[in-house]
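Here's the letter readout for the chains.
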Amino acid sequence: MGNSVRELADQTPAGRDRYTDLLRVASLGTVVAGHWLMAAVTADGNVGNLLAVVPELQLITWALQVMPVFFFVGGFSHALSYRSLRRKHPAGTSVYSLFLRARLQRLLRPTMAFILLWGAAALALQLLGSGSGLTGVALRLVAQPLWFIGIYLAMVAFTPPLLKLHERYGWGAFVALAGAAATVDVLRFALDVPYVEFLNFAFVWLAVHQLGFLRADGRIRMPSALALTGLAGAAALVAFGPYPLSMVGMPGEKVSNMAPPTLALLAHGLWLVGAVELLRAPGARLVARPRAWRAVVAANGVAMTAFLWHLTAMLGVYGAMLALDVPLPVPASAAWWAQVPLRFAAAAALTALFVAAFRTFERPKPITPAQALAPRPGRLAGPAAAIGITLCLLGILGLSMVGFGDLLEGRTAMLIAVRISAPAAVLMALAGWLLVETAGRGPARLRARTPAL
């Protein structure tokens, strides 16, 4: 791995924005560390939330809730990728299907491996009668981070039309999305309109994504003003509005800033984007150093695999501690805090083992000469790819809600007014993934006839 990382680092184009790669790795790493820290497992195997045990710590979510940074970087990368494909391919080619396959290959392959492996393990555990206690909790919890994959799929899917709006209206497109998010919250909190809040899963996160388009065109020229506006707006909304202090979901709360997202979370995203843009110059100097850049390249190559398996690793550490009768201190006690570095080290080591085992699914497939000469997908590939990504994101979002527990009992969860079970969610995700993969290629018969060079 070391040689390949060195080669990739050395081959980096001079014009590449290395700072955005650093932000991608740093944001996912912060989320992983936050999840490890927030888990408060007791001696009886119950999993609580440290922020509920010590409510004063909820303020740290204003630094640790960095998913807006990842989606911001996604918007930047998607804009560059789609424009590049648009320049390279002639009219009549389904650039949309090519774009979806190119952006999602390294995301969906490790995700599908994770889903299939955990699905098989969950079925085996339930057949053996081992799906209770911490194991039962794990079967529900390990799927929760998949919500991020589902939202990211939606951002990729909407990139072409929203990029057109950006190219025509610039900041106006962002303002329109932010205004729609504010309108949803007014309808929700002031007028008690039912179910309207779920629209902000789109409006809030797509508005953050739109900031990435603006970054790609160099149109975020006053990051300090953006950061101050976002921070002041979030503080005012929390202080005087119906919004909670925590920027992550809390158990049992009536209103969450995360699920569904609120205007307060959008303001939080503005301040984070402004803050990371203010750090752009020192961050760029850091990744200009060969050793630092190689570390970023290595981390980017396994980031999604590590993200998918980090909760499995953390719960595995707690499970081993319970099995070995290692004392679990009361959450937030002095002994509990003293144990944090050891738990982190153990979780990191176990995550590294999962990465070593499953990182092959994240490696990009090499393009053969036959594939390079294959016909480009036609116009019908676009609708097929759109259907595929819709099925995929619905299946993954559904699985994040229902989890892997109680497969044989047919446990379900409500997804957009439809009840969905784990097996149905898995089938939807797999079918959607296959559609995205096949739609982004040339016709199978013609491709098979293309001679290899």
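These remarks concern the structure in this document. (Residues numbered from 1 in each chain as written. Predicted model: local features only at pLDDT ≥ 70, side-chain atom pairs only at ≥ 80, totals over all residues. Heavy atoms only, no water.)

1. Details of the overall build of the chain
Helix and strand content of the chain: 19 helices and 4 strands. For the chain, the C-alpha radius of gyration of 22 Å lies close to 22 Å, the compact-globule estimate for 453 residues. With the C-alpha coordinates of the chain rotated into their principal frame, the extents come out at 65 × 55 × 50 Å. Residues classed as buried in the chain amount to 50% of the 453 residues present. Considering only contacts within the chain whose residues lie at least 6 apart along the sequence, 80% involve residues at least 24 apart. Of the roughly 20,800 Å² of accessible surface on the chain, a fraction of 67% belongs to carbon and sulfur atoms. In the chain, the 37 positive side-chain charges and the 18 negative ones have mean positions that sit 14 Å from each other. (Helix = DSSP H or I, 4+ residues; strand = E, 2+ residues; numbered from the N terminus. Rg over C-alpha atoms; globule rule 2.2 N^0.38 Å. Buried < 20%, exposed > 50% of the residue type's maximum accessible area, 1.4 Å probe, protein only. Contact = heavy atoms within 4.5 Å. Areas by Shrake-Rupley, 256 points an atom, 1.4 Å probe, with all protein chains shown as cover. Lys, Arg positive; Asp, Glu negative; His and termini not counted. Charge placed at Lys NZ, Arg CZ, Asp CG, Glu CD.)

2. As for unusual backbone geometry
Here the bond from A259 into P260 is cis, since omega is 0 degrees, no more than 30 degrees from zero. Tracing the sequence through the fold places P260 in the loop between α11 (223-240) and α12 (263-278). Although it is not a glycine, D192 adopts a positive phi angle of roughly 55 degrees. The residue D192 is located in the loop between α9 (171-190) and α10 (200-216) in this model. Given a relative accessible area of 61%, D192 falls into the exposed group.

3. A few points about the packing of α9 against α10
Interhelical geometry of α9 versus α10 gives an angle of 160 degrees and a closest axis separation of 9 Å. The angle between the axes of α9 and α10 places the two elements in the roughly antiparallel class. Two packed elements cross with a definite hand, and for α9 against α10 that hand is left-handed. Contact with α9, carried on its side by W171, A173, F174, L177, A178, A180, A181, V184 and D185, involves N200, F203, V204, L206, A207, Q210, L211 and L214 of α10 and no other residues of that element. Across the contact of α9 with α10, the residue classes break down as 14 nonpolar, 2 polar and 1 charged. (Axes fitted to C-alpha atoms, helices over the stretch in contact; angles between N-to-C directions. Parallel < 35°, antiparallel > 145°, perpendicular 65-115°, else oblique. Left-handed = near helix turned anticlockwise from the far one by under 90°. Nonpolar A, V, L, I, M, F, W, Y, C, P; charged D, E, K, R; others polar.)

4. Here we look at the nonpolar core
By size, the foremost hydrophobic cluster in this structure holds 128 residues, and its most contacted members are F71, L153 and I396. A total of 15 residues in this core trace back to one element, the largest contributor, which is helix α14 (residues 290-323). Sequence-distant contacts of L153, defined by excluding residues within four places in its chain, comprise L104, L107, L108, I389, C392, L393 and I396. (Core = buried A, V, L, I, M, F, W, Y, C linked by side-chain atoms within 4.5 Å.)

5. Considering helix α15 (residues 334-358)
Between the first and last C-alpha of α15 there are 36 Å, a value that for 25 residues agrees with the 36 Å anticipated at 1.5 Å per step. At V340, α15 shows its largest bend, some 35 degrees, and a proline, P341, comes one to four positions later. Turning to α15, its buried residues are W336, Q339, V340, R343, A347, T351, F354, V355 and F358. Of the surrounding secondary structure, the elements contacted by the buried residues of α15 are α2 (18-38), β1 (39-41), α3 (50-53), α6 (95-127) and α14. (Expected span 1.5 Å × (residues − 1). Bend = angle between axes of the 7 residues up to and from the residue.)

Just distances and angles here, no functional claims.
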